[in-house]
Amino acid sequence: GYYQNIVARPLTDGAVGVDAIVEELFPMAAISDQHAFYGSGGDEEELRRRQTAMLESVVRIGAERDIDLVPTSRYDYAL
């Protein structure tokens, strides 16, 4: 899953400017398995292709700098 949460305005005086908060959801296996993270199905060549495409995309939008990453978890509970 992918969610982009646009930050409309700061809530406190002097807050650091933030444009958006993005959530990317990956399967649990992606924590320790690059193939699961990139969805390459165990194919080394496909893994390298997807890694290269991802890095090129990140650079194209300027996300290789001035970005904060915070690993989090999401839990779904049946109510």
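Figured I'd write up the structure that's included with this text. Sequence positions are assigned chain by chain, starting from 1 and proceeding in written order. Totals for whole chains, interfaces and linings use every residue, but because this is a predicted model, local features are given only for residues with pLDDT of at least 70 and side-chain atom pairs only at 80 or more, for both listing and counting. For side-chain calculations, the full set of non-hydrogen atoms in the structure is used, while hydrogens and water are omitted.

**Things to note about the pattern of salt bridges**
We count it as follows: Counted as salt bridges are all cases of a side-chain nitrogen of Lys or Arg within 4 Å of a carboxyl oxygen of Asp or Glu. Think of it this way: any DSSP run of H or I at least four residues long counts as a helix, any run of E at least two long counts as a strand, and we number them from the N terminus. Burial status follows relative accessibility: with a 1.4 Å probe on protein chains alone, a residue under 20% of its type maximum counts as buried, one over 50% as exposed, and anything between as partly exposed.
In total, this model carries four salt bridges according to the counting rule given. Two residues, R48 and E44, come together in a salt bridge whose shortest N-O distance is 3.3 Å. Of this pair, R48 and E44 are both found in helix α2 (residues 44–60), four residues apart, which corresponds to roughly one turn of the helix. A residue is classified by how much of its surface remains accessible, and R48, at 45% relative accessible area, is partly exposed. Salt-bridge contacts for R50 lead to E46; the nearest nitrogen and oxygen are separated by 2.6 Å. Of this pair, R50 and E46 both sit in helix α2, four residues apart, which is roughly one turn of the helix. On the basis of relative accessibility, which here comes to 30%, the residue R50 falls in the partly exposed class. Salt bridges sharing common partners tie together E46, R49 and R50.

**Examining the layout of surface pockets**
Quick reminder of the rule: The way it works is a 1 Å grid over only the protein atoms, where trapped points that fit a 1.4 Å probe form a cavity and open points with protein on both sides within 12 Å along at least five of seven lines form a pocket, and then any residue with an atom within 4 Å of a point lines it. Grid points are joined across faces, edges and corners, and a volume is the space filled by probe spheres set on the points.
Here the largest pocket defines a volume of roughly 2,000 Å³. Lining the largest pocket are 36 residues; nearest its centre among them are V22, E23, E24, D68 and L69. Contributions of two or more residues to the lining of the largest pocket are made by β1 (2–6), β2 (20–24), α1 (34–38) and α2. The biggest single contributor to the lining of the largest pocket is β2, with five residues.

**Thoughts on the packing of aromatic side chains**
Two aromatic rings, taken as a pair, are described by how far apart their centres are and by the angle between their planes. Convention followed: Two rings belonging to Phe, Tyr or Trp (six-membered ring only in the last case) form a pair when the distance between their centres is within 6.5 Å. Interplanar angles under 30 degrees mark stacking, angles over 60 mark edge-to-face geometry, and anything in between is tilted.
Per the stated rule, a full pass over the model turns up two aromatic pairs. With 4.4 Å between their ring centres and 15 degrees between their planes, F26 and F37 make a pair best called stacked. Taken together, the positions of F26 in the loop between β2 and α1 and F37 in helix α1 put the pair eleven residues apart, joining distant regions of the chain. With a relative accessible area of 38%, F26 lands in the partly exposed category.

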